[in-house]
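Architecture at a glance
Listed below are the residues making up each chain.
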Amino acid sequence: MNMRAPLNLVEHNLREIRVDNARMLFHVPTSALFALDALTGSLIDRLRAARATGQAAETLIAQLLAEPGSTDPAEDIEAALRELLLLEIVSDGGTLSDDVPSRRVDQLALSTIVLNVNTGCNLNCAYCYKEDLDKPSAGKKMSKETAINAIELLLAESPQETRYNVVFFGGEPLSHPQLIRDVVDYCEPRFGELGKTVDFSLTTNGTLLTDTLTDWLDTHRFGLSISMDGPEAIHDRNRVTIGGHGSYATVRAKAERLLSRYRSRPVGARVTLTHGTTEVERIWDHLFNDLGFAEVGFAPVTAGDIRAFDLAPAELAEVFAGFKRLGQRYLAAAQEGRNIGFSNLHQLLTKLHEGHKASLPCGAGMKMLAVDHAGDLNLCHRFTGSSLPAFGNVRAGVAHAALGEFLARRLEREGTGCATCSIRNLCSGGCYHESYARYGDPTHPVYHYCELMRDWVDFGIETYARIMTRNPAFIDLYLSPRRLH
Ligand code: SF4
Ligand code: SF4
């Protein structure tokens, strides 16, 4: 071999998955999926054996050539090795590329602004994590001036973007509908005159929806999610009114009315899974089949602000087991060309399909900032009202130095478990807010369920490979570009 020795397998750059009888290789640096041919598989096995036995890899590869019945010519073996070297699955002692090319963020790519329009909420959900949550009468409402300053800040920070998102959050955002109307009235002509697109979305508890409001949201093509935790017995465990009564009956009636008349976009349900609630399939079945939501997304709480509501380790394991059971149903439906709207899996498959390679876990602080009622800038909606210092405000602008320093700390993987993790470019250390709630430091990786996450991603890779083999038309139809129906 005309290559520098010694050859070594770079284990942290590959993840092997078996799909039926095929060997698949997940290339960690690029999140690409390859079917392993027999020769490449054999080379990988021999390199692995070489390390385990202390033999020189070259000796084992020479044995491969000399094996009785070996039909692989030397040039094919060399070509396969070169490809593995190129992918950095095998190293010949040279320096490996860095997953994170730069630890500095010189410019924001801000495309989303979250407006916390009112800290007040008309429900009193037991687990609610919002740190600035108030009863309706005490809610602090955002002024129109603050909202408009926030929109102008979005445009000033990232004039190069062509598409922007404005997200309304609370408390309960529909408890301050006039501000939402004012912002839309301001944005549509403002972005239109610049030749830019603006998209609106909100997550609501659904209780304040009226036909008039629904039709107005529909006209402006809002992306809507309704917070609903499943059938009555589950939903009413936590989602209660200020007076302590379950909100299921009201939310169901409102959701059904909304779903019967909302036309512009599919409507999703957002489920919060907390201590005592792990019935993933039952919840999905009710929300998707009985109520007709287009998709159902689950948010398992592992590190909320109220620790008593965190899922216990065994509960979290059961949630992921439920995800996999529901994932099997997703796969069965996908083989028949149907999408059953399990958005946690759908999003993972979309990332795999797009070859997602992220050095940061989400857009918070980079593509997205959340504005609280007073105009202070936070990493995302979950940090509004928290004790983490704000990163500027809508009047003085973004505190670039502090934000850059924060992001640089998370971009540094050296010395953390993430540096060699097989899902490092999909997880990237996990949610800042979970880290903050659990470790008091938003830059600390979320270590408490890494194994479950890795297993879930393996399941996603397997599912993706199976759909690719059995019904690739599903991928074209639903994942590329992402669609719900
Ligand atoms: S937090 Fe855990 S699962 Fe995520 S990248 Fe780091 S080590 Fe991997
Ligand atoms: S920090 Fe966590 S909650 Fe906030 S946007 Fe990122 S993933 Fe979501």
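Residues numbered from 1 in each chain as written. Chains lettered and ligands numbered in written order. Predicted model: local features only at pLDDT ≥ 70, side-chain atom pairs only at ≥ 80, totals over all residues. Heavy atoms only, no water.

**Regarding the state of the cysteines**
- Under the defined criterion, the tally for this structure stands at 0 disulfides.
- With no disulfide of its own, C128 has C125 as its nearest cysteine by sulfur position, at a separation of 6.1 Å. (Disulfide = S-S within 2.5 Å.)

**A closer look at the site of ligand 2**
- Around ligand 2, the neighbouring residues are C362, M368, C380, R382, C431, Y432 and H433.
- Class assignment of the residues belonging to the shell around ligand 2 gives a composition of 5 nonpolar, 1 polar and 1 charged. (Near = heavy atom within 4 Å. Nonpolar A, V, L, I, M, F, W, Y, C, P; charged D, E, K, R; others polar.)

**So, helix α12 (residues 400–411)**
- Compared with an ideal rise of 1.5 Å per residue, which puts 12 residues at 16 Å, α12 spans 16 Å between its outermost C-alpha atoms and is within 8% of the ideal.
- Every buried residue of α12 is listed here: L403, G404, F406, L407, R410 and L411. Seen along its axis, α12 keeps its buried residues to an arc of 160°; they face one direction. What points out from α12, more than 90 degrees from its buried face, is the exposed set A401 and E405.
- In the core, the buried residues of α12 are packed alongside β12 (368–371), β15 (397–398) and α14 (432–439). (Helix = DSSP H or I, 4+ residues; strand = E, 2+ residues; numbered from the N terminus. Expected span 1.5 Å × (residues − 1). Buried < 20%, exposed > 50% of the residue type's maximum accessible area, 1.4 Å probe, protein only. Arc of directions from axis to C-beta. Contact = heavy atoms within 4.5 Å.)

**So, the site of ligand 1**
- Close to ligand 1 lie G417, C418, C421, I423, R424, C427, G429, V446, C450 and R454, which account for all nearby residues.
- Put simply, the parts of the chain that give the shell around ligand 1 at least two residues each are α13 (424–427) and α15 (450–470).

**Section: the pairing of strand β7 (residues 163–170)**
- With 6 of 8 residues buried, β7 lies mostly within the body of the structure.
- For β7 and strand β8 (residues 197–204), the ladder comprises 6 bridges, and the chain directions are parallel. Residue pairing in the sheet places V166 in a bridge with F200 of β8.
- After leaving β7, the chain enters helix α5 (residues 177–193) and then returns to the sheet as β8, a path that is right-handed. (Pairing = 2+ DSSP bridges. Right-handed = clockwise from strand over helix to strand, strands pointing away.)

**Section: the packing of helix α1 (residues 38–53) against helix α2 (residues 57–66)**
- Their axes nearest at 9 Å, the elements α1 and α2 cross at an angle of 140°. Between α1 and α2, the angle falls in the class oblique. The hand of the α1/α2 crossing is right-handed. Contacts between α1 and α2 involve L39, S42, L43, R46, L47, A49 and A50 from the former and A57, L60, I61, Q63 and L64 from the latter.
- Broken down by class, the residue content of the contact of α1 with α2 amounts to 9 nonpolar, 2 polar and 1 charged. (Axes fitted to C-alpha atoms, helices over the stretch in contact; angles between N-to-C directions. Parallel < 35°, antiparallel > 145°, perpendicular 65-115°, else oblique. Left-handed = near helix turned anticlockwise from the far one by under 90°.)

**What to know about helix α11 (residues 343–353)**
- Burial analysis of α11 places 8 of its 11 residues in the buried class, the great majority of the element.
- Of the positions making up α11, those classed as buried are S343, N344, L345, H346, L348, L349, T350 and L352.
- Note on α11: the residue one or two positions beyond its end, G355, has a positive phi of about 60°.

**Considerations on the packing of helix α6 (residues 211–219) against helix α8 (residues 248–261)**
- Where α6 contacts α8, the axes come no closer than 10 Å and their chain directions differ by 40°. Relative to α8, the element α6 is oriented oblique. Of the two elements, α6 crosses α8, and the hand of that crossing is right-handed. Contacts between α6 and α8 involve D211, T214, D215 and D218 from the former and R257, L258 and R261 from the latter.
- Its residues assigned to classes, the contact of α6 with α8 shows 1 nonpolar, 1 polar and 5 charged.

**Re the nonpolar core**
- Counting residues in each nonpolar core, the largest one holds 116 residues, and the members touching the most others are I113, L115, V166, F168, F222, F293 and F298.
- Considering each element in turn, this core owes the most residues, 9 residues, to helix α10 (residues 313–335).
- Both domains that furnish three or more residues to this core are identified here as domain 1 (8–91) and domain 2 (112–349 + 363–398).
- Each residue touching F168, except ones within four places of it in the same chain, is listed here: L115, V117, P173, I180, V183, V184, F200, S201, L202, T203 and F222.
- Of all hydrophobic cores here, the second largest spans 21 residues; its members include L14, L25, L60 and L64. (Core = buried A, V, L, I, M, F, W, Y, C linked by side-chain atoms within 4.5 Å. Domains from an automatic or database assignment.)

**Side note on the domain arrangement of the chain**
- Per the domain assignment, the segments making up the chain are domain 1 (8–91) and domain 2 (112–349 + 363–398).
- Taking only C-alpha atoms into account, the centre of domain 1 sits 45 Å from that of domain 2.

**Regarding the pattern of salt bridges**
- In the structure shown here, the tally under the stated rule is 26 salt bridges.
- Among the salt bridges present, the one from E16 reaches R23, with a minimum N-O distance of 2.8 Å.
- A salt bridge links R265 to D199; the shortest N-O distance between them is 3.0 Å. With R265 in the loop between α8 and β10 (268–273) and D199 in strand β8, this residue pair connects regions lying 66 residues apart in the sequence.
- Given a relative accessible area of 22%, R265 falls into the partly exposed group.
- Here D199 falls in the buried class, since its relative accessible area comes to 18%. (Salt bridge = Lys/Arg side-chain N within 4 Å of Asp/Glu carboxyl O.)

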